[in-house]
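Tertiary structure, described
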Amino acid sequence: MSKEQVVAKVEKSIEVIRPFLQNDGGDISLVEVTDDYVVKVKLHGACGSCPYSIMTLKNGVEQAIIRDVPEIKEVVAVNLNF
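Residues numbered from 1 in each chain as written. Predicted model: local features only at pLDDT ≥ 70, side-chain atom pairs only at ≥ 80, totals over all residues. Heavy atoms only, no water.

Along the protein, the regular secondary structure elements total three helices and three strands. The linear arrangement of helices and strands in the protein, starting from the amino end, is α-β-β-α-α-β. The globule rule puts the C-alpha radius of gyration for 82 residues at 12 Å, and the 12 Å found for the protein is close to it. Its C-alpha atoms give the protein principal-axis dimensions of roughly 35 × 30 × 15 Å. Residues classed as buried in the protein amount to 33% of the 82 residues present. Summarising the internal contacts of the protein: among those between residues at least 6 apart in sequence, 49% fall at separations of at least 24. Surface accessibility of the protein: about 5,000 Å² in total, with carbon and sulfur atoms responsible for 55%. (Helix = DSSP H or I, 4+ residues; strand = E, 2+ residues; numbered from the N terminus. Rg over C-alpha atoms; globule rule 2.2 N^0.38 Å. Buried < 20%, exposed > 50% of the residue type's maximum accessible area, 1.4 Å probe, protein only. Contact = heavy atoms within 4.5 Å. Areas by Shrake-Rupley, 256 points an atom, 1.4 Å probe, with all protein chains shown as cover.)

A few words on the pairing of strand S1 (residues 26-33). The pairing of S1 with strand S2 (residues 38-45) spans seven bridges and is antiparallel. Paired with Asp27 across the two strands is His44, which belongs to S2. Linking two consecutive strands that pair antiparallel, namely S1 and S2, is a turn of four residues; a positive phi of about 65 degrees is found at Tyr37 within it. (Pairing = 2+ DSSP bridges.)

Here the structure, examined in full by the defined rule, presents seven salt bridges. With its nearest N and O atoms 3.4 Å apart, the salt bridge here joins Arg67 to Asp68. Arg67 sits in the exposed class, given a relative accessible area of 58%. Overall, the relative accessible area of 30% leaves Asp68 in the partly exposed class. (Salt bridge = Lys/Arg side-chain N within 4 Å of Asp/Glu carboxyl O.)

Laid out in structure tokens, this is it:
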């Protein structure tokens, strides 16, 4: 599978996850899929500032993306506020 196909599948997976995060006042956006298949995302709103955001990321978002796209090794949150 090409990297472009992997990115498309990750984006589709995020679209499935997004409504659950939005219900809690948050959101998620894809920043990058690295060459070694690490997904970088940015958490927004309540998800970006919630003390449970790492649990949400690892137990919810990461599991869902890896289930949908087994090529992915890890999902990490990045902070783009420079």
